[in-house]
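# Coordinate inspection notes
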Amino acid sequence: MTSQNSPGSLIVFEGTDGTGKSTQLDLLHSVLQDKGFEVVATREPTEGMYGRQIRDLYNNRKKLSLNEELELFLADRKEHIDTLVTPALASGKIVLCDRYYLSTVAYQGAAGLDPSDILKRNNFAPVPDLALLLYAPIQTGVERITKGRGDTLNDFEKEDYLQKVARQFEQLTLPCIRRINASASIDAVHRTVLNHVLQLLEK
Ligand code: TMP
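Because the structure is a prediction, the values reported are computed rather than measured.

### Overview of the nonpolar core
- Among the nonpolar cores identified, the biggest contains 38 residues, and L10, Y100, L102, Y107, V165, F169 and I177 are the most heavily contacted of them.
- Those elements that provide at least two residues to this core are β1 (9–15), α2 (49–57), α3 (66–90), β3 (94–98), α4 (101–110), β4 (130–135), α6 (138–148) and α7 (159–171).
- When residues of this core are assigned to their parent elements, the largest contribution, 8 residues, is made by α3.
- When neighbours within four sequence positions are excluded, Y100 is seen to be in contact with L10, V12, E14, E44, R77, I81, A125, P126 and P128.
- One finds L130, L132, A182 and V189 within the second-largest nonpolar core, a separate group that totals 19 residues.

### Notes on the packing of aromatic side chains
- Taken as a whole and assessed by the stated rule, the structure comprises 5 aromatic pairs.
- A ring pair is formed by Y100 and Y101, whose centres lie 5.0 Å apart and whose planes are at 35°; its orientation type is tilted.
- Ring centres of Y107 and Y161 lie 6.1 Å apart, and the angle between their planes is 70°; on these two criteria the pair is classed as edge-to-face. Taken together, the positions of Y107 in helix α4 and Y161 in helix α7 put the pair 54 residues apart, joining distant regions of the chain. Side by side, Y107 and Y161 carry an identical accessibility label, which is buried.

### Topic: the site of the ligand
- In the vicinity of the ligand lie 13 residues, with R43, Y58, R99, T104 and Q108 positioned nearest.
- Here an oxygen atom of the ligand and a side-chain polar atom of R77 are 3.4 Å apart.
- Here a nitrogen atom of the ligand sits 2.8 Å away from a polar atom, N or O, in the side chain of Q108.
- When the ligand sits alone it has 480 Å² of accessible area, and the protein chains cover 91% of it.
- Taken together, the elements giving at least two residues each to the shell around the ligand come down to α3 and α4.
- Among the elements that take part in the shell around the ligand, α4 stands out by supplying 4 residues, more than any other.
- For the shell around the ligand, the class distribution of residues is 5 nonpolar, 3 polar and 5 charged.

### A few points about the pattern of salt bridges
- Under the definition given, this model contains 7 salt bridges.
- With a closest N to O distance of 3.5 Å, D17 and R99 form a salt bridge. With D17 in the loop between β1 and α1 (21–34) and R99 in the loop between β3 and α4, the pair connects residues that are 82 residues apart, well separated along the chain. The exposure classification of D17 matches that of R99, with both residues buried.
- For E71, the salt bridge is made with R121, and the minimal N-O distance between the two is 2.8 Å. Here the residue E71 occupies a position in helix α3, and R121 occupies one in helix α5 (residues 115–121), the gap between them amounting to 50 residues.
- Linked by salt bridges that have partners in common, R43, E47 and R55 make up one network.

Rules and cut-offs
Residues numbered from 1 in each chain as written. Predicted model: local features only at pLDDT ≥ 70, side-chain atom pairs only at ≥ 80, totals over all residues. Heavy atoms only, no water. Core = buried A, V, L, I, M, F, W, Y, C linked by side-chain atoms within 4.5 Å. Buried < 20%, exposed > 50% of the residue type's maximum accessible area, 1.4 Å probe, protein only. Helix = DSSP H or I, 4+ residues; strand = E, 2+ residues; numbered from the N terminus. Contact = heavy atoms within 4.5 Å. Phe/Tyr/Trp six-rings, centres within 6.5 Å; stacked < 30°, edge-to-face > 60°. Near = heavy atom within 4 Å. Polar contact = N/O pair within 3.5 Å; in protein donor to acceptor, adjacent residues only side chain to side chain. Areas by Shrake-Rupley, 256 points an atom, 1.4 Å probe, with all protein chains shown as cover. Nonpolar A, V, L, I, M, F, W, Y, C, P; charged D, E, K, R; others polar. Salt bridge = Lys/Arg side-chain N within 4 Å of Asp/Glu carboxyl O.

Here it is as structure tokens:
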């Protein structure tokens, strides 16, 4: 299924941790609302039952096997799509999602699962109209998390693992992907994001 079959648009933000996805999503959300669009902002992992189980893994990832971990991300996504994404797209809304299945391909791929197999396991999910893939040096992202937010790195944010995740993101070649250099200022990144989105919405 693709979101092209529905009146709405699905725009997802992807990238390694600390690249500013949430900041950019918030900025885009308010600009689109000001322009009169109906917008729903959401994220994965969700706040639902499976999303909470995923968050429990953050500081003890070894609790589950890689396959069990993948199953949890897929269950969370299925529930998210059924309860929120598909109904919103069907009613013509723009759905902005902070992380989606390219994160599963990159993160669970970097952990050792087969990326093309992960992509196939996601074929129940609407294909995004745009996947804005933010990239920046891993060191920059890690510093944003530790110094900027004062957080400690969880099991998904260790630097050598994130390097592998970045390589997985680099290898993705799907037509919906737009790569955006997130080392630029918040304003400059926002302008690039907006250009891509307006091009999509004007079609
Ligand atoms: P975030 O809420 O800070 O974006 O964190 C979510 C973490 O979960 C992040 O480190 C990436 C990871 N993740 C996966 O490993 N696979 C997935 O499919 C998704 C959506 C997130």
